[in-house]
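# An overview of the molecular structure
Now for the letters of each chain:
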Amino acid sequence: MSPGPIHPLLREAAEGELPSWSEAGPLRRAHIRRVMALLAEWAEVLALAEEERIRWVAAGALHDVLRDADPKILRDQVPPEFRGIPDSLLHGPAAATRLQAEGVEDESFLRAVAYHTLGHGELDAVGRALYAADFLEPGRSFEREWRGALARRFPEDPEGVLVEVVRARMTRQMARGWPLRAETVDFWNTLVGE
Ligand SMILES: [Fe+2]
Ligand SMILES: [Fe+2]
C-alpha cells in the first residue's frame, strides 16, 4: 500500500496526462495506453480500492516515460548498481530516479517502475501486475492467443501467470545467449516458492 496520499503526478498520469519531461514517441504512447487499459481492467475485476487502482494505472502510464530517451544520458542518471545494464533496460531505473526526484516517495511504486523489465523478488502487487501487463498487452504481435489467455487469467491466478511470463522472458534471454540478472533469477525463485 502507498505511504500517505497519492502524489499528484501519479494521479495525473493515471488520467493519461504524462509529465512534461516524458520522452515517449507516438508508438510508445500507444503501448503505454494499452498497458494502462489492461491494468485498469484487472483492477476492476479485482474490485481494488480507488487509491490502489490509481497506483496500478499510474504504473502503466509511467513505466516507459523515458523509453525513447538517449541511453547515454540515462546511464549517467541511474544509481550505480544500474550503470552496467544494457541500453534498452535503463529507462526503468531512470524513470524511477526521476519520479523520486519529483517527490514520489511510494517505494513499492518506484520499485515497480524501476524493475518492470528485470523483475525483482520484492515486487509486490503493483509491480507484479505491471510486469505482467507490459508483456501481455494486446499490441505485441507474437503469440497473441497464448498471451490473451494469460491476460484474462491474471486476476484469478497472478502467480501462475507470472511463472509463465517470467519463464518465457528468461527462456528468450537464454536462447539469445544474454546474461540473466540476479534480480530476475530472484524474482523467479520467489514465484516458484524457493
Ligand atoms: Fe519498458
Ligand atoms: Fe513497456
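Before reading further, recall that the structure is shown in the block above.
### Comments concerning the coordination of the iron ion (ligand 1)
- Every protein donor of the iron ion (ligand 1) is listed here as D64 (OD), H91 (NE2) and H116 (NE2), and their distances to the metal cover 2.1 to 2.2 Å.
- Look at where the donors of the iron ion (ligand 1) fall in the sequence and you get D-x26-H-x24-H.
- The metal-metal distance between the iron ion (ligand 1) and the iron ion (ligand 2) is 3.5 Å, with D64 serving as a donor to both. Placement of the pair is H91 in helix α5 (residues 91-101) and H116 in the loop between α6 (107-114) and α7 (125-136), with a sequence separation of 25 residues. Here the two residues H91 and H116 agree in accessibility, since each one is buried.

### Description of the packing of helix α3 (residues 50-62) against α6
- For the pair α3 and α6, interaxial distance at closest approach is 10 Å and the crossing angle is 35°. Both α3 and α6 take part in a crossing whose hand is right-handed. Across the interface between the two elements, R55, A58, A59 and L62 from α3 touch S108, F109 and V113 from α6.

### Let's talk about the packing of aromatic side chains
- Across all of its chains, the model carries 5 aromatic pairs by this definition.
- Linked through ring pairs, F135, F142 and W146 together constitute an aromatic cluster.
- For the cation-ring pair, R169 lies above Y131, with the distance from its terminal atom to the ring centre recorded as 4.8 Å.
- The cationic tip of R172 hangs over the ring face of F142; the distance from NZ or CZ to the ring centre is 4.9 Å.

### Structural notes on helix α10 (residues 182-191)
- Of all the residues in α10, the buried ones are E183, T184, F187, N189 and L191.
- Looking at the buried positions of α10, the neighbouring elements they touch are α7 and α9 (158-175).
- Positive backbone phi, approximately 80°, marks G193, located one or two places after α10.

### Considering α3
- For α3, built from 13 residues, the straight-helix expectation of 18 Å at 1.5 Å per residue is met to within 8% by its first-to-last C-alpha distance of 18 Å.
- For α3, a buried count of 10 out of 13 residues is recorded, marking the element as mostly surrounded by other parts of the structure.
- Where α3 is buried, its residues contact α1 (8-14), α2 (26-45), α5, α6 and α7.

### Some points on the coordination of the iron ion (ligand 2)
- Note on the iron ion (ligand 2): its protein donors are H31 (NE2), H63 (NE2), D64 (OD) and D134 (OD). The metal-donor distances range over 2.2 Å.
- Here the iron ion (ligand 2) binds 4 donor atoms, and the angle range of 83 to 175° at the metal identifies the geometry as irregular.
- Mapping the donors of the iron ion (ligand 2) onto the primary sequence yields the spacing H-x31-H-D-x69-D.

### Thoughts on the packing of α2 against α3
- In the contact formed by α2 and α3, the axes pass within 7 Å of each other and the chain directions differ by 160°. The angle between the axes of α2 and α3 places the two elements in the roughly antiparallel class. Read as a crossing pair, α2 and α3 show a hand that is right-handed. Of the residues in α3, those in contact with I32, V35, M36, L39, A40, W42 and A43 of α2 are R53, W56, V57, G60 and A61.
- Grouping the amino acids of the contact of α2 with α3 by side-chain chemistry returns 10 nonpolar, 1 polar and 1 charged.

### Let's talk about unusual backbone geometry
- Phi angles above zero are rare outside glycine, and A47 is one such case at about 50°.
- Structurally, A47 can be placed in the loop between α2 and α3.
- In this structure A47 comes out as exposed when scored by relative accessible area, which is 65%.
- Backbone geometry places E143, a non-glycine residue, at a positive phi of 40°.
- Within the fold, E143 resides in the loop between α7 and α8 (144-153).

Quick notes on the rules
Residues numbered from 1 in each chain as written. Chains lettered and ligands numbered in written order. Predicted model: local features only at pLDDT ≥ 70, side-chain atom pairs only at ≥ 80, totals over all residues. Heavy atoms only, no water. Donors = N, O, S within 2.8 Å, 3.2 Å for Na, K, Ca; no water. Helix = DSSP H or I, 4+ residues; strand = E, 2+ residues; numbered from the N terminus. Buried < 20%, exposed > 50% of the residue type's maximum accessible area, 1.4 Å probe, protein only. Axes fitted to C-alpha atoms, helices over the stretch in contact; angles between N-to-C directions. Left-handed = near helix turned anticlockwise from the far one by under 90°. Contact = heavy atoms within 4.5 Å. Phe/Tyr/Trp six-rings, centres within 6.5 Å; stacked < 30°, edge-to-face > 60°. Lys NZ or Arg CZ within 6 Å of the ring centre and 35° of its normal. Expected span 1.5 Å × (residues − 1). Tetrahedral: all angles 85-135°; square planar, octahedral: opposite > 155°, others 65-115°. Parallel < 35°, antiparallel > 145°, perpendicular 65-115°, else oblique. Nonpolar A, V, L, I, M, F, W, Y, C, P; charged D, E, K, R; others polar.

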